[in-house]
Each structure stands twice: as C-alpha cells, then as structure tokens.
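Chain residues, written in single-letter form:
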Amino acid sequence: MAGSFLYKTESEKFRYVNEDVFNTLVIRDIVKKYKIRNKVFLEKLIDFLMDNVGNITSIRNVAKTISATGDKTNHKTIGSYIDYLCKAFAFYKIRRFDIRGKRYLTTEDKYYLSDHSFRYARLGTRNMDYGHVYENMVAMELLRRGYQLYVGVLYKKEIDFVAMKHDEKLYIQVSETTIIPVRPLWLSGVHRLQRLLLPRSSPCQNKRTPRWRKVQ
C-alpha cells in the first residue's frame, strides 16, 4: 500500500493505489471470476458507492440513478455486482436493525469502503464528507476488533453503530465536529476516535477522555 514505497510525486502515489492495487486486486479479479463484460459499468458503480459511503443505500434507487445517466440496468444486476464487491472485501455491508422490534430491516443497508485511500486515489477530495470519512474509519476499526456491527434504528432515529461482542454492547454515534454539545451517552467524534484507535495505555487517554458505556 501507499507508504511502503517512495514516490516522487503525489500523483504517482495515487496512481499506484488506484491502478496497481485497486484495479489489479479488485476490479480485474472480479471481472475475470464473474465474467463481467461491461467493466466500465462496474467502475461507475464502484465510484457511486465510494461517493456514498455511509449513506443509506437502496439497490433499486441505485439502479434508477445509474439508469438515468444512460446506462440501462436493473436492481438484480446492481445487487449482484455489489455482492461481488463485498465478497472481494472492497466494501462491507452493514445491515439496519430495528432495536425496539428486534428485527433486521430488509431494505436500505449501508456500505463502507475497506480502505479510504482507494476513494482518494479514484475520486480525489471532491464532495468530501468528512463526517462519513470518520464513520468509515470507525466501522473498519470495529470490524477489525471483531465486533458484530449493524446500524441501529429506534423510533425512526438512527444510531450510527450498534457494536456487539459476547456480552458487550456499544451504541456509537459519529460526528464530524465537537462544537455542538452532545448528550453524555454519545461520544464526540474526536474523543470517540481517540478512544477507539489508541491503545488503552496511551498517555493521550487521560481521565477526561469519555469511556465506553456498556449497555446490558
């Protein structure tokens, strides 16, 4: 990955991540394995998902959006292609869960990118939503730590992540800024990220750093 080698220019680094890593290890292998004829269409779908990381995604709406640009498709094709991308670990699907009704919602999941450097390399920083960037980072770290992850829905309100592992349950809300006061139950974006990414023994985690709240 970028950082393992020395690059003369910034564009050379992004070209390596996009062409030598993502195109070779993900796109080429998917096209070959599943015998996909329209590679350009697959790349458009990838760009769309990268641009909508963390957004609620309906397969039918994605099909309608892409069809409106002139590429005729249907929800079955879109669903199959997204499934291929998830099986290749390019994206991770996080299902929505009705906390009160204790059931998974059958539509409108969320998708997170395995490594955000792929987005930088392909799309640059246009339309960058840093709130969703932080959300993506938290999702990947929680999955790396072995949590079962889903998006919580309670009284038509959304909880970014409900993370479960054994008898531990965490409710996590991610925010881009900490300027607006938040309730004690939710951790602010910076403190949550610090708590999540730094080792427990880190000197940066002083007594004023919020702690995870376990929910029985």
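Predicted, not measured: the structure shown is a model, and the values here were computed from it. (Residues numbered from 1 in each chain as written. Predicted model: local features only at pLDDT ≥ 70, side-chain atom pairs only at ≥ 80, totals over all residues. Heavy atoms only, no water.)

## Looking at unusual backbone geometry
Turning to step 1, where the next piece is worked out: If you check the backbone angles, Phe-89 has positive phi at about 60° while not being a glycine.
Turning to step 2, where the next piece is worked out: Looking at the secondary structure, you find Phe-89 in the loop between α4 (75-87) and β2 (91-94).
Turning to step 3, where the next piece is worked out: Overall, Phe-89 belongs to the exposed group, its relative accessible area being 54%.
Turning to step 4, where the next piece is worked out: In this model, His-166 sits at a positive phi of 60°, which is unusual for a non-glycine residue.
Turning to step 5, where the next piece is worked out: Its place among the elements puts His-166 in the loop between β7 (157-165) and β8 (168-172). (Helix = DSSP H or I, 4+ residues; strand = E, 2+ residues; numbered from the N terminus. Buried < 20%, exposed > 50% of the residue type's maximum accessible area, 1.4 Å probe, protein only.)

## Description of the sheet that holds strand β1 (residues 56-57)
Turning to step 1, where the next piece is worked out: Taken in spatial order, the 3 strands line up as β1-β5-β2 in an open sheet, and their pairing is antiparallel. With partners counted over all chains shown, the strands left at the sheet margins are β1 and β2, one partner each.
Turning to step 2, where the next piece is worked out: Across 4 bridges, β2 lies against strand β5 (residues 109-113) in antiparallel orientation. What sits directly across from Tyr-92, in β5, is Tyr-112.
Turning to step 3, where the next piece is worked out: Of the strands in this sheet, β2 and β5 are in contact with helix α6 (residues 130-144), which crosses β5 at around 85°. (Pairing = 2+ DSSP bridges. Contact = heavy atoms within 4.5 Å. Axes fitted to C-alpha atoms, helices over the stretch in contact; angles between N-to-C directions.)

## Some words on the packing of helix α2 (residues 39-51) against α4
Turning to step 1, where the next piece is worked out: As a packed pair, α2 and α4 sit with axes 11 Å apart at the nearest point and diverge in direction by 75°. In terms of axis orientation, α2 runs roughly perpendicular to α4. Residues Phe-41, Leu-42, Leu-45, Ile-46 and Leu-49 of α2 form the contact with α4, whose participating residues are Thr-77, Ile-78, Tyr-81, Ile-82 and Leu-85.
Turning to step 2, where the next piece is worked out: A breakdown of the residues in the contact of α2 with α4 according to their chemical character gives 9 nonpolar, 1 polar and no charged. (Parallel < 35°, antiparallel > 145°, perpendicular 65-115°, else oblique. Nonpolar A, V, L, I, M, F, W, Y, C, P; charged D, E, K, R; others polar.)

## Re the sheet that holds β7
Turning to step 1, where the next piece is worked out: If you walk across this open sheet you meet the 5 strands as β4-β3-β6-β7-β8, and the pairing is mixed. Each edge of the sheet is formed by a strand with only one pairing partner; in this case those strands are β4 (103-104) and β8.
Turning to step 2, where the next piece is worked out: When strand β6 (residues 148-154) meets β7, the two strands line up antiparallel, connected through 6 bridges. Bridging from a neighbouring strand, Gly-152 pairs with Ile-159 of β7.

## Points about the pattern of salt bridges
Turning to step 1, where the next piece is worked out: Tallying each qualifying case throughout the model produces 10 salt bridges.
Turning to step 2, where the next piece is worked out: Among the salt bridges present, the one from Arg-119 reaches Asp-51, with a minimum N-O distance of 2.7 Å. Pair noted here: Arg-119 is in helix α5 (residues 117-123) and Asp-51 is in helix α2, with a separation of 68 residues, a long-range link.
Turning to step 3, where the next piece is worked out: The class of Arg-119 is buried, set by a relative accessible area of 3%.
Turning to step 4, where the next piece is worked out: Of the charged contacts in the structure, one is a salt bridge between Arg-96 and Glu-108, with a shortest N-O distance of 3.6 Å. Here the residue Arg-96 occupies a position in strand β3 (residues 96-98), and Glu-108 occupies one in the loop between β4 and β5, the gap between them amounting to 12 residues.
Turning to step 5, where the next piece is worked out: For Arg-96, a relative accessible area of 11% gives the class buried.
Turning to step 6, where the next piece is worked out: When its relative accessible area of 33% is taken as the criterion, Glu-108 is described as partly exposed.
Turning to step 7, where the next piece is worked out: Connected through shared salt-bridge partners, Lys-110, Glu-135 and Glu-158 make up one network. (Salt bridge = Lys/Arg side-chain N within 4 Å of Asp/Glu carboxyl O.)

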